[in-house]
Amino acid sequence: MSAVKTAKETIQLLKGRDFLQISDFTKEELTALIEFALELKTAQKNGEEHHYLKGKTLAMIFEKSSTRTRVSFETGMFQLGGHAQFLSSRDMQLGNGETIHDTAKVLSRFVDCMMIRTFGHDIVDELAEHASIPIINGLTDDAHPCQVLADLVTIYEKKGTFSGLKFAYVGDGNNMTHSLMMGCATMGIDCYVAVPKGNEVSEKVLQEAKETASNSNATVVQTYDPVEAVKDADIIYTDVWASMGWEGDKKARVNEFANYQVNDALVAHAKDDYVFMHCLPAIREEEVTASVIDGKNSIVFDQAENRLHAQKAILAAIV
């Protein structure tokens, strides 16, 4: 019978892996990454050098713009002793018709890792298929695994455990919801998702999350009732009502989601010590009121900071 691997041993086994979906990783692997992220955070706060990636280069491909993703990855590579290159579609032949296949092959000869923030998830999968270096999904229309690893780091940091927690997401059944459900299901957190009719999560992802939750003694529920989701919750989470790239009638969207605003009346159904989370950017008085996001239970800026530490853990582990 083999001995249980330590977190350090688990991290070492991640070398060369892609980071495309939360569901690609086991509870043991995510736990090791979370612990490593907090270790790196402590080192950074103490001013201790941690140059795991000295001489290494990360190519950052942005087809969707971002504040947190760019700054956290670029700063993270610097703190790890490496270098990051920013590449928009305007800077690359990828934007002029060069294939993903050729882009993957060429960049694999120049850099040690690629991060891409794009639209279709098939783009990330194809890049990973043809690259000979690790690929990190910085966001697609289907998933946002880097954000969710940072969210798990934050939950563990604030609550000290994943066991016995109830997580409530209120809003659109989007890429964030998909990755959050899988993260909760893997770590054993009960996850309740409240969405308006017509804005449900992917049925495929929902079923996968439920199957994963059955192995971690957790529950995954999709409901149309935000009060049901938030009742006795330890964590309340929301996101903007119109994700990047969505084009449509803004007024109709606001009306459709009006009953799903996270406000004082809704959070009153949660536990007194609940924490409020948001992946940012936020639109105050739409998906969340200022009284909640700027209130005493909000941890959104600690959550944002942990993007840096979580992504450093990913980079140092897989590169």
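Going by the structure above, here's the rest.
What counts, and at which threshold
- Residues numbered from 1 in each chain as written.
- Predicted model: local features only at pLDDT ≥ 70, side-chain atom pairs only at ≥ 80, totals over all residues.
- Heavy atoms only, no water.
- Helix = DSSP H or I, 4+ residues; strand = E, 2+ residues; numbered from the N terminus.
- Expected span 1.5 Å × (residues − 1).
- Buried < 20%, exposed > 50% of the residue type's maximum accessible area, 1.4 Å probe, protein only.
- Polar contact = N/O pair within 3.5 Å; in protein donor to acceptor, adjacent residues only side chain to side chain.
- Salt bridge = Lys/Arg side-chain N within 4 Å of Asp/Glu carboxyl O.
- Axes fitted to C-alpha atoms, helices over the stretch in contact; angles between N-to-C directions.
- Parallel < 35°, antiparallel > 145°, perpendicular 65-115°, else oblique.
- Left-handed = near helix turned anticlockwise from the far one by under 90°.
- Contact = heavy atoms within 4.5 Å.
- Nonpolar A, V, L, I, M, F, W, Y, C, P; charged D, E, K, R; others polar.
- Phe/Tyr/Trp six-rings, centres within 6.5 Å; stacked < 30°, edge-to-face > 60°.
- Lys NZ or Arg CZ within 6 Å of the ring centre and 35° of its normal.
- Pairing = 2+ DSSP bridges.
- Patch = residues over 30% accessible without salt bridge, like charges linked within 9 Å, V, L, I, M, F, W, Y side chains within 5 Å.
- Areas by Shrake-Rupley, 256 points an atom, 1.4 Å probe, with all protein chains shown as cover.
- Lys, Arg positive; Asp, Glu negative; His and termini not counted.
- Charge placed at Lys NZ, Arg CZ, Asp CG, Glu CD.

Draft legend 1. How the structure looks around helix α7 (residues 175-187). Taking 1.5 Å of rise per residue, 13 residues should cover 18 Å, and α7 covers 19 Å from first to last C-alpha, within 8% of that figure. Counting buried positions over the 13 residues of α7 gives 13, a clear majority of the element. One side-chain oxygen of the residue at the start of α7 lies 3.1 Å from the amide nitrogen of M176, identifying that residue as N174. A positive backbone phi angle near 85° is found at G188, which sits one or two residues after α7.

Draft legend 2. Structural view of the pattern of salt bridges. The final tally for this structure, using the stated rule, is 10 salt bridges. E157 serves as the salt-bridge partner of K41, at 2.7 Å between the closest nitrogen and oxygen. In this pair, K41 is assigned in helix α2 (residues 27-45) and E157 in helix α6 (residues 145-159), connecting sequence segments 116 residues apart. By relative accessible area, which is 11% here, K41 ends up buried. With a relative accessible area of 32%, E157 lands in the partly exposed category.

Draft legend 3. Up close: the packing of α6 against helix α13 (residues 300-318). Close contact between α6 and α13 brings their axes to 8 Å; oriented N to C, the two are set at 115°. Relative to α13, the element α6 is oriented roughly perpendicular. Judged by the twist between their axes, the crossing of α6 over α13 is right-handed. Of the residues in α13, those in contact with C146, Q147, L149, A150, D151, V153, T154, E157 and K158 of α6 are D302, Q303, N306, R307, A310, Q311 and I314. Of the residues assigned to the contact of α6 with α13, the class counts are 6 nonpolar, 5 polar and 5 charged.

Draft legend 4. Representation of the packing of aromatic side chains. Evaluation of the coordinates by the stated rule reveals 7 aromatic pairs. Ring centres of F19 and F25 lie 5.1 Å apart, and the angle between their planes is 40°; this geometry places the pair in the tilted category. Classification of F19 as buried rests on a relative accessible area of 1%. Summarising the aromatic geometry, the rings of F167 and Y237 are spaced 5.7 Å apart at their centres and angled 45° between planes, so their arrangement reads as tilted. With F167 in strand β5 (residues 166-170) and Y237 in strand β8 (residues 235-238), the pair connects residues that are 70 residues apart, well separated along the chain. Between K166 and the ring centre of Y192, over which it is positioned, the NZ or CZ distance is 4.2 Å.

Draft legend 5. Molecular detail of the pairing of strand β1 (residues 57-62). When you tally the buried positions in β1, you get 6 out of 6 residues, the bulk of the element. Burial along β1 is two-sided: T57, A59 and I61 and L58, M60 and F62, pointing in opposite directions, are all buried. Where β1 lies against strand β2 (residues 83-88), 6 bridges are found, and the strand directions are parallel. The residue of β2 that forms the bridge with I61 is L87.

Draft legend 6. Fine view of a negative patch on the surface. On the surface, D24, D122, D125, E126, E129, D142, E208 and E211 cluster together into a negatively charged patch. Of all elements in the fold, only α5 (121-130) and α8 (203-215) reach the threshold of two or more residues within the negative patch. Ranked by the residues each element gives to the negative patch, the list is headed by α5, at 4 residues. Within the fold, D142 resides in the loop between β4 (135-139) and α6. Residue classification places D142 among the partly exposed positions, given a relative accessible area of 40%.

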